[in-house]
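Survey of secondary and tertiary structure
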Amino acid sequence: MADIHEPEEDLETGPEEISAAPPMVEPFSSLEDIALLHPQSRIDTSNLDRSRGLTAEEASRRLNVYGKNVLTPPPKTPEWLRFLQQFNNLFLMLLIICAVLSLISYALFGDINNLYVGIVLLVVVFLTGVEGFHEEGKALKTIDSFTKILATKCRVIRDGKHDEVEASSLVPGDIILVKDGEKIAADLVLLQCRGLKTDCSMITGEAELVNCTDNPSKPGTEMFECLNLGFSGSLCFDGSAVGLVLKTGDSTAIGTFAKLVSETEARASPLEVEVRNFVKLVGFIALSIASIAFVVSVLKQGADTVDEVFKLFVNGFLVILVANIPQGLPSTVTSLLSLAARKMAKEAVLVKRLDCVETLGSCSIICSDKTGTLTKNKMTVTDIWYDKHMVRRTRKECENFHTEEPQALMYRCAIICNRAERIRPEEADVELKDFHNRQNYQLSNVSQLSWGGSARDSIKDLKLDEEKVPTFKGNPSDIALLDCFDTMNAVDSLRQAYPIEFEVPFNSTNKWQLVIVKTPFLKLREENDSQCEYQILMKGAPEVVLSRCTTWAARAHKDADFAAPVTDDFERDFHETYERFAKQGRRVLAFCGTTFTAPENMVFAADDEGQYNFPTTNLKFIGMTAIMDPPRDNVPDAIQSCHEAGVKVFMVTGDHQLTAKAIATQIGLLKSEDNIELLHGGNEPNDISSWNKSWGAIIHGTRVNDLTDQHWEFLLSCTGGVCFARTTPAQKRLIVEKCQVFGDGAIVAATGDGVNDAPALKQSNIGVAMGLNGSAVAQDAADILLMDDNFASIVAGIKEGRIIFDNIKKTIAYIMAHIFPEVMAVLFALLIGIPAGLTALQVLSIDLGTEMLVAISLAYEKPESDIMKRSPRNLQTDRLVSPVLLFYSYVIVGCIITAGCLMSYTYTYWENGLNLSDFFEEGVNNSDFFTLSATEPVTIPRTGRTYSALEQQDIFSKGVTAFYITLTVGQFCHIWCCKTRVSSLFVHGVAENKLTFWGVGVGLVLVVFFCYVPGVNDIVGAAPVGWFGWVMALVTGFVILVYTETTKCFFRNSKDRNLILRLISW
């Protein structure tokens, strides 16, 4: 799938030499030179329609050499292997080890509790793996999306015959024909162009149609600037053309984009990296504590048999490992993200990967495409100039379309000299149906989790149906004119009153379009020789139109048929207005016309030499319109919100630098009138010492490779705004990559809607595509879809991302607090010799039961007041799990809860006539006593009381239950302290998050269920206890509340963030 540029006599040397082709020369060559370069294409330069094309044999041979004109799909990982890869992480591997050891222990010792533990852990592992497989399974469809925009059929000349063939069979050297309404099937050079226009917006990002030509391009012109090239996948408007295929398959521009996308490796999200590091830390701590405790317990208890050592291993190492690993954390975090995704879906922001919810909140740079993202992707008339005045669109509408007044002429010319057409009602119904189909297609592509229904509801509530279904079809500029001038049904009435007799379509040589119409009023010159009055209406490039005019339409010259002579004064006003429009990035069209008489049966004609049998000079200038793709209404506010949140916004567009600058200025992205301009063909970038950081920067895509590391560092620090124009897909991806490298760990979001945006979307940390009018390629390469095509929705996404990061951090602080008491409950038994404070099943019931809903309730916690005033988080310092957070959870809160648990635990044994010191006495300090598996009676030397095996089991169960109740209920109190990190709980609000009450209520029910329901408490090793454990839980919670409110108060009121404050404020 290479390209062919060398003389074809060398083709017999073989594929190896064929593929080693020099750069293209055809775009810069004349028709005769192209024919010499490709003799086997048998191009007839005198009459292209008589060209013979390749022979069938040669086409078949080239197909074997170059391959089919299709895109090569990327290699895919088998589904079974992808499923197994879900379990290749430390967290699940530790749980698998614990589960296997529990099952082995059950097999050796018959302890049913170990069987329960093993089964529960395996279920957790399996469900976690399935969930990860499902999330990853919304897999890469990007390459398939590229194939959807390619042509399937094309017309080709082979052996002198015009045949329709499969587009996949095209080869370099084929001569193909394209016309209005068809897609170009391969990259080609135009040999003959008859007014062809192509829509390359999905490839170049430029909304305006390309006026193609068969004239050679100037040597050195960028590929996408060559007007005599057609690109695979581009849609043809107007006219027709004959082209020579240069590139097929992977060698085409679209193939290059596909390769860029498929070769760009998916990046791990910041949340994914944070969780991965957190799991490694937890795993290291768990293994370290468990290993040390196991070795010390073996030495202390003098275990000298394999059974004793293994029993200590299971009851010590295994239980400590289980206690250290927050089994419910993955599910809790997933639930938090799912709930956040649902909230975002209600704002028409759909996430395809859950962890992208947080990533958007962490982004510090947005590289945004212009067309369809910052702008409406709809050409619109913004300014009208006639009668030497600027005219607002809200001005009084024209009352009589048939006079020679400037306004009436403007209406007639803009509507009649126009190839756009009104969409019929039945076609509008089809458009509306297509609109809904696009919505449903995108909804089906996102994860079918809890937010799917919310997404569907939000789309129904958008009420965009009527807005998205156009009124007219055709050339975007022509549609803009009709949208502007279609008042009082002017389009239909004028076209009916002025039927077109003759038309000269727009072409790149003339740079104008002309129509001849009959006036509604016939004027008979002579009785025997009827004459008809005709009117010429012309539209085109302003300087070309004015050069054909000698008068201009002036309202003040009514006596002279509203015609005033073109003077130097008028030309000065014209040029000032035209230049002002051009500097604002507008596309300017001028209008002129005249009336003349001719026989009623006159046959008008025009030849290729520019000879006409009707007047084309001495016309009357009517006026000008400025057309552009305007910014979306709420984009300026969104840009301002991004700046307030410390997020830089770069415009990265394929459009012209003047247009890009105009839009960037309008939306507030370029905030300075002084701008650094590195344009195409300019000098080398100046020494940055002469640059001011308050300036803005406008950089042509061809200059991106000239920028040094110092330039990039400056651009990322300047405050005046940065705009990149005329960028290729490769340059867009490079810009994103440089932002990632020189942004000091910046999270870069890229937005776009076109095929040309896909590589940048894939390279970025988080790709954001337009969900309604974006290309399927961009949507599949992205992580987030904006279903209302609204850039402003990104601000809501950033806010939600920041909220969810805060809430996940609060959740971890809450969950990690119960680990220290759980570990200490086992360590005391192993190292000191007192009975264990918790059973393994109680540990699992906390992680997977009592705390799940309570922790998830934090997803609904409202943000703290400064959430969108903060700078984006620094990934190096503002970590999800920081040492300060671990110190808070493990040491401070963990110790407070452990102290309360030990008091409840001690009180339970004291209530049954036992002191903890009794377990250090000779004959009592045996790990077989006061356990669920106790089988022998034991006598306490201090009191002389003998406890049977059943009594020991009952006291042990009550002890672990008291410990369990104080731990769980103390955590229910702790959840209120975790609602804020800085603000006071009482200012933030205690009762607004109703789900917290529900979570605590469900948690209390589970505590009662596990501790007081007969049969269930036997399984987990619990027994009913009295009031003390409950009271100690409330006391523990109160102590935590006093501590957290005090530290938050000090943090809020302290101007000096000293070491102590940094240690206690997470």
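Residues numbered from 1 in each chain as written. Predicted model: local features only at pLDDT ≥ 70, side-chain atom pairs only at ≥ 80, totals over all residues. Heavy atoms only, no water.

1. A look at helix H22 (residues 635–644)
Regarding H22, the residues found buried are Val635, Ala638, Ile639 and Cys642. Looking straight down H22, one finds its buried side chains confined to an arc of 100°; they lie on one side. Buried residues along H22 sit in contact with strand E11 (365–368), strand E23 (648–652) and helix H28 (793–816). The first or second residue beyond H22 is Gly646, which carries a positive phi of 80°. (Buried < 20%, exposed > 50% of the residue type's maximum accessible area, 1.4 Å probe, protein only. Helix = DSSP H or I, 4+ residues; strand = E, 2+ residues; numbered from the N terminus. Arc of directions from axis to C-beta. Contact = heavy atoms within 4.5 Å.)

2. Comments concerning the sheet that holds strand E8 (residues 235–237)
Spatially, E6-E5-E8 is the arrangement adopted by the three strands of the open sheet, whose pairing is antiparallel. On the outer flanks of this sheet lie strand E6 (210–211) and E8, each paired with one strand and no other. Where strand E5 (residues 197–199) meets E6, two bridges bridge the pair, whose relative direction is antiparallel. If you follow Lys197 over to E6, its bridge partner there is Asn211. (Pairing = 2+ DSSP bridges.)

3. Remarks on unusual backbone geometry
Of note, the phi angle at Arg42 is positive, near 50°, even though the residue is not glycine. Topologically, Arg42 is positioned in the loop between helix H2 (31–37) and helix H3 (56–66).

4. Let's talk about the pairing of strand E9 (residues 240–247)
Counting buried positions along E9 gives seven out of eight residues, so the element sits mostly inside the fold. Where strand E4 (residues 187–194) meets E9, seven bridges bridge the pair, whose relative direction is antiparallel. Paired with Asp187 across the bridge in E9 is Lys247.

5. Concerning the sheet that holds strand E28 (residues 766–770)
One open sheet holds the nine strands; their spatial order is E10-E29-E28-E27-E11-E23-E26-E25-E24, and the pairing between them is mixed. Every interior strand has two partners, whereas the edge strands, strand E10 (349–351) and strand E24 (675–678), have only one. Between one strand and the next, the sheet's axes are offset by a mean angle of 20°, whatever the strand orientation. Bridge count between strand E25 (residues 696–700) and strand E26 (residues 722–725): four bridges; the pairing is parallel. Each residue of the ladder has a partner; that of His700, found in E26, is Ala725. (Axes fitted to C-alpha atoms, helices over the stretch in contact; angles between N-to-C directions.)

6. Considerations on the packing of H28 against helix H32 (residues 883–911)
It is at 8 Å that the axes of H28 and H32 come closest, and there the two elements cross at 35°. For the crossing formed where H28 meets H32, the hand is right-handed. Across the interface between the two elements, Lys809, Ile812, Ala813 and Met816 of H28 pack against Leu885, Leu886, Tyr888, Ser889 and Tyr890 of H32. Considered class by class, the residues forming the contact of H28 with H32 number seven nonpolar, one polar and one charged. (Left-handed = near helix turned anticlockwise from the far one by under 90°. Nonpolar A, V, L, I, M, F, W, Y, C, P; charged D, E, K, R; others polar.)

7. Things to note about the pattern of salt bridges
Summed over the entire model, instances satisfying the criterion amount to 42 salt bridges. The closest approach of N and O atoms between Arg412 and Glu404, which form a salt bridge, is 3.2 Å. Neither residue differs from the other here; Arg412 and Glu404 are each classed as buried. Arg572 is the partner of Asp569 in a salt bridge, and the nearest nitrogen-oxygen pair spans 2.6 Å. Separated by three residues within a single helix, Asp569 and Arg572 lie in helix H21 (residues 568–583), roughly one turn from each other. Sharing partners across several salt bridges, the network here consists of Glu274, Glu358, Arg873 and Arg879. (Salt bridge = Lys/Arg side-chain N within 4 Å of Asp/Glu carboxyl O.)

8. What to know about the side chain of Ser983
Residue position: Ser983 is located in the loop between helix H33 (949–977) and helix H34 (985–988). According to the relative accessible area criterion, Ser983 is buried, its value standing at 18%. Here Ser983 is in contact with Glu864, Lys1048 and Arg1052, once residues within four sequence places are set aside.

9. As for the confidence of the model for the protein
Across the protein, the average pLDDT comes to 83, with 87% of residues at 70 or higher. For the protein, the element scoring lowest by mean pLDDT is helix H1 (residues 15–19), at 33; strand E19 (residues 549–553) scores highest, at 96. Counting contacts from residues 1–22, a segment whose pLDDT is below 50, to residues more than four positions away or on other chains yields 60 contacts. Overall, residues 445–452 carries pLDDT values under 50, and its contacts beyond four positions in sequence, including any with other chains, amount to 25 contacts. (pLDDT = per-residue confidence, 0-100.)

10. Focus on a nonpolar patch on the surface
Together, Trp1027, Val1031, Val1035, Phe1038, Val1039 and Val1042 give the surface a local cluster of nonpolar side chains, amounting to about 560 Å² of exposed area. Mapped onto the elements, Val1042 comes out in helix H37 (residues 1028–1053). (Patch = residues over 30% accessible without salt bridge, like charges linked within 9 Å, V, L, I, M, F, W, Y side chains within 5 Å. Areas by Shrake-Rupley, 256 points an atom, 1.4 Å probe, with all protein chains shown as cover.)

11. Overview of empty space enclosed by the protein
Counted by the stated rule, this structure contains six cavities of 30 Å³ or more. Estimated volume of the largest cavity: approximately 140 Å³. The wall of the largest cavity is formed by 14 residues, among which Lys197, Asn475, Phe506, Gln513 and Lys539 lie closest to the centre. Of the residues in the lining of the largest cavity, the class split is three nonpolar, five polar and six charged. (1 Å grid on protein atoms, 1.4 Å probe; cavity = no way out; pocket = protein on both sides within 12 Å on 5 of 7 lines; lining within 4 Å. Points joined across faces, edges and corners; volume = space filled by probe spheres on them.)

12. Considerations on the environment of Gln86
Mapped onto the elements of the fold, Gln86 is located in the loop between helix H4 (79–85) and helix H5 (90–109). Judged by its relative accessible area of 13%, Gln86 falls in the buried class.

13. Section: the environment of Ile867
Within the secondary structure, Ile867 sits in the loop between helix H31 (852–856) and H32. On the accessibility criterion, Ile867 (4% relative accessible area) is buried. Sequence spacing of Ile867 and Arg802 is 65 residues, and the spatial spacing of their C-alpha atoms is 6.9 Å. Not counting the four nearest positions on each side in its chain, Ile867 is found in contact with Lys799, Arg802, Ile803 and Asp806.

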